[in-house]
Amino acid sequence: MVEVAAALVAAAAVVVVIAVTLLGSPPGAVAVPISKTFMSVAYPPSLVLYPQDASAPSLEARSAERQSEGWGNIDAIYTVGMASCAQRAAIMQSVGSHMGLPLTRLEATPYSEVNLHHPPLPIVDIPAGDSVAAGQVGCAHTHVRLWRAALAANYSRVLVLEDDVFFSPQAVRHIPAVLATADAGAVAAGRPWHMILFRRTPLADTSQEQTWGEDKPLGGPLTVTVPAWATAAYALSRAGMHYLLSQVTSYNVPLDVQISRLHKPETGFTSLAACNPQVDGSACVDAVYELNREEKGECAYSGSQSGSREDGGSFPHSGGRRAVALL
């Protein structure tokens, strides 16, 4: 297993060069070197796509395979995580290399550097009695930074993965087809799609969700999602970047909750859900795999719940909707 890990680390150095031709290189986004601590980390068996022996295709061959599947139509694959989570970062980078997919890492806004009295996003309308954690504000700010960076790079579509999830080997070849299906559905509906959720916790009955597009790349249809918590694995169109940046201008509730409130017809926000076996039935392919506790290493905890806390009454305009409200 150590020999496999060493080979993946070496291959990851090459993937930075291939990234320029496959997915482009965003301004100001630099590939983060793989941590040397990965040498002692076992490669997750659930994320193996190719044989881990001499019969495995070269990195160039894997990248060519991804190109043939349509990955070249996706501008960037962002992975998001804290700088202190070296093991998670190393595993994600090596998984990307193994699958022939270059990744752009965005380091999260550290909760230890979030001053709740001088926050990176305005904190408003928090009811007295509710608390605000520095990690929650840092999480929202991280995603806002990512959306701004993608727009500044003139990207049309990006994928976003928090660094404890990655596309499953069963799904990875079909992800570009999911976005192509979303595009076809947008033409038929006469309006753009904004966001695609690859993993979600629905907050309402999904049985009556409207189908979007005709194809079923993951074994089931894309649907217009009911309100759901889902920021661990998603796609954004350029329209989606603009829309979210127009809506997420301050912190009031955790980002998952804030976005879930946009998943309603009257908002004009078109958020889609990829087929998921936990929600949609056994015919679907699991789009993503989440690292287990051991694989997450030193960061098996929730960063969004970490850091200093303040009561909502200490912020401007206290008295907003409570964070526990689903809708």
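Keep in mind that what you see is a predicted model, and the values were worked out from it rather than measured.

(A) Examining the overall build of the protein more closely. What the protein contains, in helices and strands, is nine helices and 14 strands. For the protein, contacts bridging at least 24 residues in sequence account for 83% of all contacts bridging at least 6. Of the roughly 13600 Å² of accessible surface on the protein, a fraction of 54% belongs to carbon and sulfur atoms.

(B) The arrangement of the side chain of threonine 79 in detail. Mapped onto the secondary structure, threonine 79 falls in strand E1 (residues 76-81). A residue is classified by how much of its surface remains accessible, and threonine 79, at 2% relative accessible area, is buried. Leaving out residues up to four positions away in the same chain, threonine 79 has contacts with Leu103, Thr104, Arg105, Leu106 and Leu161.

(C) Spatial organisation of the packing of aromatic side chains. Scanning the model with the defined rule gives four aromatic pairs in all. Centre to centre, the rings of tyrosine 243 and phenylalanine 269 are 5.0 Å apart; their planes meet at 15°, and the pair counts as stacked. Of this pair, tyrosine 243 sits in helix H6 (residues 238-247) while phenylalanine 269 sits in the loop between helix H7 (255-260) and strand E12 (271-273), and the two are 26 residues apart along the sequence. Grouping residues by exposure puts tyrosine 243 and phenylalanine 269 together as buried. Each residue in the set Trp71, Phe166, Phe167 and Phe198 is aromatic and connected to the rest through ring pairs, giving one cluster.

(D) The arrangement of unusual backbone geometry in detail. One non-glycine residue, aspartate 125, lies in the positive phi region at around 55°. By secondary structure assignment, the location of aspartate 125 is in the loop between strand E2 (104-107) and strand E3 (131-133). The phi dihedral of asparagine 154 falls on the positive side, at around 65°, and the residue is not glycine. For asparagine 154, the position within the fold is in the loop between helix H4 (134-152) and strand E4 (157-162).

(E) Spotlight on the packing of H4 against H6. Packing of H4 against H6 leaves a shortest axis separation of 10 Å and a crossing angle of 135°. Classified by the angle between their axes, H4 and H6 sit oblique to one another. In this structure, H4 crosses over H6, and the sense of that crossing is left-handed. Along its contact with H4, which presents Val144, Trp147, Arg148, Ala150 and Leu151, the element H6 presents Arg238, Met241, His242, Leu244 and Leu245. Taken together, the residues that form the contact of H4 with H6 break down as seven nonpolar, one polar and two charged.

(F) Inspection of the environment of leucine 146 at higher detail. By the element assignment, leucine 146 lies in helix H4. C-alpha separation for the pair leucine 146 and leucine 106, spaced 40 residues apart in sequence, amounts to 7.3 Å. When neighbours within four sequence positions are excluded, leucine 146 is seen to be in contact with Tyr78, Val80, Leu106 and Val160.

(G) Quick peek at helix H5 (residues 175-189). The terminal C-alpha atoms of H5 lie 21 Å apart, and with 15 residues this matches the ideal 21 Å at 1.5 Å per residue to within 8%. Listed as buried for H5 are Ile175, Pro176, Val178, Leu179, Thr181, Ala182, Gly185 and Ala186. Count one or two residues on from H5 and you reach glycine 190, which has phi positive near 75°.

(H) Representation of the pattern of salt bridges within the structure. In total, this model carries twelve salt bridges according to the counting rule given. Put simply, arginine 105 and aspartate 163 hold a salt bridge, and the shortest N to O gap is 3.3 Å. Of this pair, arginine 105 sits in strand E2 while aspartate 163 sits in the loop between E4 and strand E5 (165-167), and the two are 58 residues apart along the sequence. Residue arginine 105 is classed as buried on the basis of its relative accessible area of 8%.

(I) Spatial organisation of H4. Between the first and last C-alpha of H4 there are 27 Å, a value that for 19 residues agrees with the 27 Å anticipated at 1.5 Å per step. Burial runs high along H4: 14 of the 19 residues are buried.

(J) Representation of the state of the cysteines within the structure. Counting across every chain of the model gives two disulfides. The disulfide partner of cysteine 275 is cysteine 284, and the S-S distance across this bridge is 1.6 Å. Note on the cysteine 275 and cysteine 284 pair: the S-S dihedral is about -65°, so by sign convention the disulfide is left-handed. Accessibility assignment for this pair places cysteine 275 and cysteine 284 in one class, buried. Regarding the disulfides, the protein carries the connectivity 1-4, 2-3 under sequence-order numbering of its bonded cysteines.

(K) Quick look at the environment of alanine 108. By the element assignment, alanine 108 lies in the loop between E2 and E3. The residues touching alanine 108, leaving out its near neighbours within four places in the chain, are Val80, Gly81, Met82, Thr142 and Arg145.

(L) The arrangement of the sheet that holds E2 in detail. Across the sheet, eight strands lie side by side as E2-E1-E4-E11-E6-E12-E9-E8; this open sheet has mixed pairing. Pairing within the sheet leaves two strands with one partner each, and these edge strands are E2 and strand E8 (211-212). In this structure, strand E6 (residues 195-197) lies alongside E12, joined through three bridges in parallel fashion. Across the sheet, residue isoleucine 196 finds its bridge partner in E12, namely leucine 272.

Calculation criteria
- Residues numbered from 1 in each chain as written.
- Predicted model: local features only at pLDDT ≥ 70, side-chain atom pairs only at ≥ 80, totals over all residues.
- Heavy atoms only, no water.
- Helix = DSSP H or I, 4+ residues; strand = E, 2+ residues; numbered from the N terminus.
- Contact = heavy atoms within 4.5 Å.
- Areas by Shrake-Rupley, 256 points an atom, 1.4 Å probe, with all protein chains shown as cover.
- Buried < 20%, exposed > 50% of the residue type's maximum accessible area, 1.4 Å probe, protein only.
- Phe/Tyr/Trp six-rings, centres within 6.5 Å; stacked < 30°, edge-to-face > 60°.
- Axes fitted to C-alpha atoms, helices over the stretch in contact; angles between N-to-C directions.
- Parallel < 35°, antiparallel > 145°, perpendicular 65-115°, else oblique.
- Left-handed = near helix turned anticlockwise from the far one by under 90°.
- Nonpolar A, V, L, I, M, F, W, Y, C, P; charged D, E, K, R; others polar.
- Expected span 1.5 Å × (residues − 1).
- Salt bridge = Lys/Arg side-chain N within 4 Å of Asp/Glu carboxyl O.
- Disulfide = S-S within 2.5 Å.
- Pairing = 2+ DSSP bridges.

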